[in-house]
Amino acid sequence: MLHKLTAVLLSLVLLLTGCAAAGKSPAQKQYQASFLTLFDTVTYISGLADSEEAFQAQAQEIHDRLLVYHQLFDIYHDYEGLNNLKTVNDQAGIAPVKVDGEIIRLLKDCRTYYDLTDHAVNVAMGSVLALWHDARTDGMDDPVNAALPDENALKEAALHTSWDNVVIDEENATVYLSDPKLRLDVGAVAKGWSVQRVAKTAPSGLLLSVGGNVCATGPKDADGTPWIVGITDPDGGDPYLHTLYVTNQAVVTSGDYQRYYVVDGKVYHHIIDPGTLYPAARWRSVTIVCRDSGLADILSTALFVLSREEGQALLEKTEAEAMWMDGQGNCYYSPGFRELIRT
């Protein structure tokens, strides 16, 4: 589920050195924890605490809560005693699966996002994404023989992506895929959605970064000092396209420069356009800032697929702001995005 390792890993330098925490108590210091066990990516947690022991205990609690979501939404691995999304996929066309309520809540939100984005993001197209995942994995392991997925196989898989065949029974807490060839893949939303659920009850003043999906649970200190988050340059020049001030918001970037492979000299990244069944070709990166990390995750993928005009129309249905970067290095901004820019 490493779907968007973008934008903000290098920004951890800024987290620790930018914007002095003037409002902290004399005993408090800035601490940081990192984990490699969540969503197949790197997780950072940063914040103030009275002692390193107190901070690490807090960070471990957040890790443990995120780990629950990691296992529930995993489509690749089984866990003893747990029905997760892999279980649901494995039982497609066979039987309903009793699931944790958080899976049902996520899938209901995904259906809402599907409608909101006019089908630009569809977690029910796992059968299509699996073909690209396998081709990309094989191509990275054996670059000389890298190949695209079979086009007829893609078209066949696309016939099995309908939400009408995702049967959610809230009363009995079950999910059933009535099409035996349909598969769920929540990689476009799982990290952001999970971070948002955890952030709602986490202490104020933390910054969580899960594979570059960043969420601030409040300002950095009691004086309201904002966090500083960097947006990475896809071309690897200056480390940042911009740095942003963030207080109680999420920052998520989708880009073509983290998960990709090369076939006959052409780069194929992981963000698949449901309309073409091939990697979306309009943008190099799209950054979203809004108050909901799950929504930011979805919007960053949707705007990566959509035209700028379509993306702006979608933003106007939410309270999100966006920055687009095209293939020539030109950046475009939604009306409120510039107010967030520090540099």
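So, a few notes on the structure that sits alongside this text. Note that this is a predicted model, so its numbers are computed, not measured. Here the residue numbers are simple positions, counted from 1 along each chain's written sequence. Note on the predicted model: pLDDT of at least 70 is required for a residue's local features to be given, and 80 or more for side-chain atom pairs to be given and counted; whole-chain, interface and lining totals, by contrast, use all residues. Only hydrogens and water are set aside when side-chain values are computed; all heavy atoms of the structure are taken into account.

## Side note on the pattern of salt bridges
So, step 1. What makes a salt bridge here is a side-chain nitrogen of Lys or Arg within 4 Å of a carboxyl oxygen of Asp or Glu, nothing more. Under the counting rule described, the total for this entry stands at 10 salt bridges.
So, step 2. The residue glutamate 151 makes a salt bridge to lysine 155 at a minimum N-O spacing of 3.7 Å. Placement of both glutamate 151 and lysine 155 in helix H6 (residues 151-158) is noted, with a separation of 4 residues, approximately one turn of the helix.
So, step 3. Across the salt bridge formed by glutamate 156 and lysine 181, the nearest N and O atoms sit 3.5 Å from each other. Linking glutamate 156 in helix H6 with lysine 181 in the loop between strand S5 (174-177) and helix H7 (190-201), this pair joins segments that are 25 residues apart in sequence.
So, step 4. When salt bridges that share partners are traced, they join Asp78, Lys86 and Asp90 into one network. For helices the rule is a DSSP run of H or I covering at least 4 residues; for strands it is a run of E covering at least 2, with both sets numbered from the N terminus onward.

## Observations regarding the sheet that holds strand S15 (residues 331-333)
So, step 1. In space, the 8 strands of this open sheet follow the order S1-S2-S6-S7-S10-S13-S14-S15, with antiparallel pairing throughout. Unpaired on one side and paired on the other, strand S1 (29-38) and S15 mark the two borders of the sheet. Adjacent strand axes in the sheet meet at a mean angle of 15°, parallel and antiparallel pairs treated alike.
So, step 2. Against the sheet, helix H9 (residues 308-315) touches strand S13 (285-290), strand S14 (321-325) and S15, its axis set at about 165° to S14. Any two strands are treated as partners once DSSP identifies two or more bridges connecting them. For helices, the fitted axis covers only the stretch in contact; all axes are lines through C-alpha atoms, and the angles between them, taken along N-to-C directions, range from 0 to 180 degrees. Whether two residues are in contact is decided by their heavy atoms, any of which lying within 4.5 Å being enough.

## Observations concerning a negative patch on the surface
So, step 1. Taken together, Asp134, Asp138, Asp141 and Asp142 make up a surface patch of like negative charges.
So, step 2. Owing to a relative accessible area of 52%, aspartate 138 belongs among the exposed residues under this scheme. To count toward a patch, a residue needs a relative accessible area over 30% and no salt bridge; like charges are then connected within 9 Å, while nonpolar side chains (Val, Leu, Ile, Met, Phe, Trp, Tyr) are connected within 5 Å. Residue burial considers only the protein chains on display, and all accessible areas are found by Shrake-Rupley using a 1.4 Å probe. In summary, the charge assignment counts Lys and Arg as positive and Asp and Glu as negative, without counting His or the chain termini. Every charge is mapped to an atom, namely NZ of Lys, CZ of Arg, CG of Asp or CD of Glu. Throughout this description, buried means an accessible area under 20% of the type-specific maximum (1.4 Å probe, protein chains only), exposed means over 50%, and partly exposed covers the range between.

## A word on the nonpolar core
So, step 1. As used here, the term nonpolar core means buried Ala, Val, Leu, Ile, Met, Phe, Trp, Tyr and Cys residues forming a set that is joined through side-chain atoms within 4.5 Å. One finds Phe73, Leu184, Val186, Val189, Ile288 and Leu303 to be the most contacted residues of the largest nonpolar core, which totals 73 residues.
So, step 2. Among the elements that line this core, the one with the most residues is helix H8 (residues 293-305), at 8 residues.
So, step 3. Counting 17 residues, the second-largest nonpolar core is a separate cluster that includes Val214, Val246, Val251 and Tyr333.

## Some words on the state of the cysteines
Two cysteines joined by a covalent bond between their sulfur atoms form a disulfide.
So, step 1. By definition, disulfides here are pairs of cysteine sulfur atoms that lie within 2.5 Å. Counting across every chain of the model gives 0 disulfides.
So, step 2. In this model cysteine 290 remains outside any disulfide bridge; the closest cysteine sulfur is found in cysteine 215, 9.2 Å from its own.
So, step 3. Among the cysteines around cysteine 331, which has no disulfide bond, cysteine 290 carries the closest sulfur, lying 19 Å off.
So, step 4. Here cysteine 331 falls in the partly exposed class, since its relative accessible area comes to 25%.

## Topic: the pairing of S14
So, step 1. Of all 5 residues making up S14, 4 are buried, and the element is well covered by its neighbours.
So, step 2. Both S13 and S14 contribute to a ladder of 5 bridges, which runs antiparallel. The residue of S14 that forms the bridge with serine 285 is methionine 325.
So, step 3. Taken together, the 3 bridges between S14 and S15 define a ladder with antiparallel strand orientation. Across the sheet, tryptophan 324 pairs through a bridge with tyrosine 332, a residue of S15.
So, step 4. The loop that links S14 with its antiparallel partner S15 comprises 5 residues; one of these, glycine 329, has a positive phi angle of about 85°.

## Some thoughts on the sheet that holds strand S3 (residues 97-98)
So, step 1. Strand order in the open sheet made by the 3 strands is S3-S5-S4, with antiparallel pairing throughout. Looking at which strands have only one partner, the edges of the open sheet turn out to be S3 and strand S4 (166-169).
So, step 2. In terms of strand pairing, S3 meets S5 through 2 bridges, oriented antiparallel. Considered in S5, the bridge of valine 97 is made with valine 175.

## Things to note about the side chain of threonine 287
So, step 1. Within the element layout of this structure, threonine 287 appears in strand S13.
So, step 2. At a separation of 2.7 Å, a polar atom in the side chain of threonine 287 contacts the side chain of threonine 253.
So, step 3. Non-local contacts of threonine 287, meaning those with residues more than four positions away in its chain, are made with Ile231, Val251, Val252, Thr253, Glu321, Ala322, Met323 and Phe337. Polar contacts, as counted here, are pairs of nitrogen or oxygen atoms within 3.5 Å of one another; within protein the pair requires one atom able to donate a hydrogen and one able to accept it, and residues that are adjacent in sequence qualify only if both atoms are side-chain atoms.

## Side note on the environment of glutamine 60
So, step 1. Assignment of secondary structure puts glutamine 60 in helix H2 (residues 52-72).
So, step 2. Look at glutamine 60 and you get partly exposed, because its relative accessible area is 35%.
So, step 3. Taking C-alpha positions, glutamine 60 is 9.3 Å from phenylalanine 35, a pair spaced 25 residues apart along the chain.

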